[in-house]
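# Per-entry structural report
Each chain is listed here by its residues.
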Amino acid sequence: MARRLSIPGLVNLLEVSDAREIRELDAEPGIDRHLAPAGGLINRLRLARLRQALVFDDQPLPALLPREAQGRESRHAELGQRLDERAEATAWRQDPAFKTLVEAVAGQAEGEALGPAAQGLLGRLFHDEYHADQESYAAARLLNAYPRINVLRALGQRVSGRLGRARRLLAERARAEPLALHATGIAVHNLVASLAAMRELAASPQAHGLSLAAVMGRTLSAPETLLRRVRRPLSTPCAPRRLEPDDLVVLRLADAARGSGDRELAFMGQSWARCPAQSFILALLAAVWEQAMTVQQGGRGA
Ligand code: HEM
């Protein structure tokens, strides 16, 4: 159900967590992504947090760019094509990190191994020598959490230099390439959350009887929220009152996708901002699950 929060000068936002409403609002040409300061105080603070964490060299990371940002569509289409080819070629199964993911999901390696292994595997889609470890994964966790932590903690992380150090480390490892930074700093968390859910499911007695579709339906993790901004006055059945320029629209994607098994929605597959990694991530998750089940069966048979 939609929730409208409106206190003039302070906050103006609309939150939706229904799949149909998310799709409707996302398809509105008058609603876009934009991080420039605007709106009431709380709207501005929220946008400032995103800029502090996710703008590198004056450029927002790819999944925060406005529709019309120069080159966005072609760069992401090109990435999508490259990743689709990778998904089919399955060469990434030779990456040692793939074995670690399989073992962790099968319960034969610590769950903590998932983060650095997933980050390394994603990083090496961009640079063969990408190196991930506990330190780079902790940096990615800090970066991803920063927009949502309380004001005092955020201030502490800025003043102490922790945020700056995390950003520098991630940028260095990704050679400051925005798509590699997005994959290893932000997108990696949905992959890790999906794998962690698989690990839990794999430990349950019913795991071996489940179809792949059922496993994906239970474990695929979507981003918690997507942020949009109203660019021109707009009346929509999703909001009780007209939306005004600079109102924020929060799409609560994880709530809508949770347990629905709707893979298109988890990747915003019908959106102008659809995830170019959808096929690759689904192929990777399917391969990890299948191998983990084989490893477990081998272990039982031995
Ligand atoms: C389980 C893993 C993943 C999930 C569930 C996921 C989901 C999403 C979603 C929902 C969006 C839409 C954002 C919006 O509408 O504002 C998105 C965008 C994007 N994702 Fe992913 N993603 C995942 C992994 C990845 C990976 C590994 C990469 C890179 C290798 C990636 C690259 C991108 C890019 C570049 C965009 C921006 C698309 C655009 O605005 O044109 N994603 N992703």
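Just above, that's the structure.
What comes next is a walk through the structure. Owing to the predicted nature of the structure, the values given are computational and were not obtained by experimental measurement.

Analysis parameters
- Residues numbered from 1 in each chain as written.
- Predicted model: local features only at pLDDT ≥ 70, side-chain atom pairs only at ≥ 80, totals over all residues.
- Heavy atoms only, no water.
- Phe/Tyr/Trp six-rings, centres within 6.5 Å; stacked < 30°, edge-to-face > 60°.
- Buried < 20%, exposed > 50% of the residue type's maximum accessible area, 1.4 Å probe, protein only.
- Helix = DSSP H or I, 4+ residues; strand = E, 2+ residues; numbered from the N terminus.
- Lys NZ or Arg CZ within 6 Å of the ring centre and 35° of its normal.
- 1 Å grid on protein atoms, 1.4 Å probe; cavity = no way out; pocket = protein on both sides within 12 Å on 5 of 7 lines; lining within 4 Å.
- Points joined across faces, edges and corners; volume = space filled by probe spheres on them.
- Nonpolar A, V, L, I, M, F, W, Y, C, P; charged D, E, K, R; others polar.

## Observations regarding the packing of aromatic side chains
Counted by the stated rule, this structure contains 2 aromatic pairs. On the numbers, 5.6 Å between centres and 75° between planes, the contact of tryptophan 92 with phenylalanine 98 is edge-to-face. For the pair tryptophan 92 and phenylalanine 98, a shared accessibility class is recorded, and that class is buried. Between tryptophan 92 and phenylalanine 280, the ring centres sit 5.6 Å apart and the planes meet at 75°, which makes this aromatic pair edge-to-face. Residue tryptophan 92 is found in the loop between α3 (72-89) and α4 (96-105), and its partner phenylalanine 280 is found in helix α13 (residues 278-301); the two are separated by 188 residues along the sequence. Note on tryptophan 92: relative accessible area 6%, which makes it buried. Put simply, the rings of Trp92, Phe98 and Phe280 touch in pairs and so form one group of aromatic residues. When the ring centre of tyrosine 146 is taken as reference, the NZ or CZ atom of arginine 49 above it lies at 5.3 Å. Above the face of the phenylalanine 56 ring, arginine 167 is positioned so that its terminal group lies 4.2 Å from the ring centre.

## So, unusual backbone geometry
Located in the positive-phi region is arginine 175, a residue other than glycine, with phi close to 50°. Within the secondary structure layout, arginine 175 lies in the loop between α8 (162-173) and α9 (178-202). The phi dihedral of methionine 268 is positive, around 50°, even though this residue is not glycine. Along the chain, methionine 268 falls in the loop between α12 (263-266) and α13.

## Some points on the layout of surface pockets
Vacant regions in the atomic arrangement are exposed by a probe of water-molecule size rolled over the atoms. Size it by volume and the second largest pocket reaches roughly 300 Å³. Lining the second largest pocket we find 13 residues, and of these His76, Ala77, Arg274, Cys275 and Pro276 sit closest to its centre. Elements that contribute at least two residues to the lining of the second largest pocket include exactly α3 and α13. Top contributing element to the lining of the second largest pocket by residue count: α3, with 6 residues.

## Comments concerning empty space enclosed by the protein
A complete count under the given rule lists 2 cavities of 30 Å³ or more for this structure. Space inside the largest cavity adds up to approximately 50 Å³. In terms of lining, the largest cavity is formed by Arg33, His34, Leu35, Leu47, Leu64, Leu227, Arg228, Arg229 and Leu248. Broken down by element, the lining of the largest cavity gets its largest block of residues, 3 residues, from strand β6 (residues 226-230). Of the residues contributing to the lining of the largest cavity, the split by class is 5 nonpolar, 1 polar and 3 charged.

Taken by themselves, the reported measurements are silent on function.
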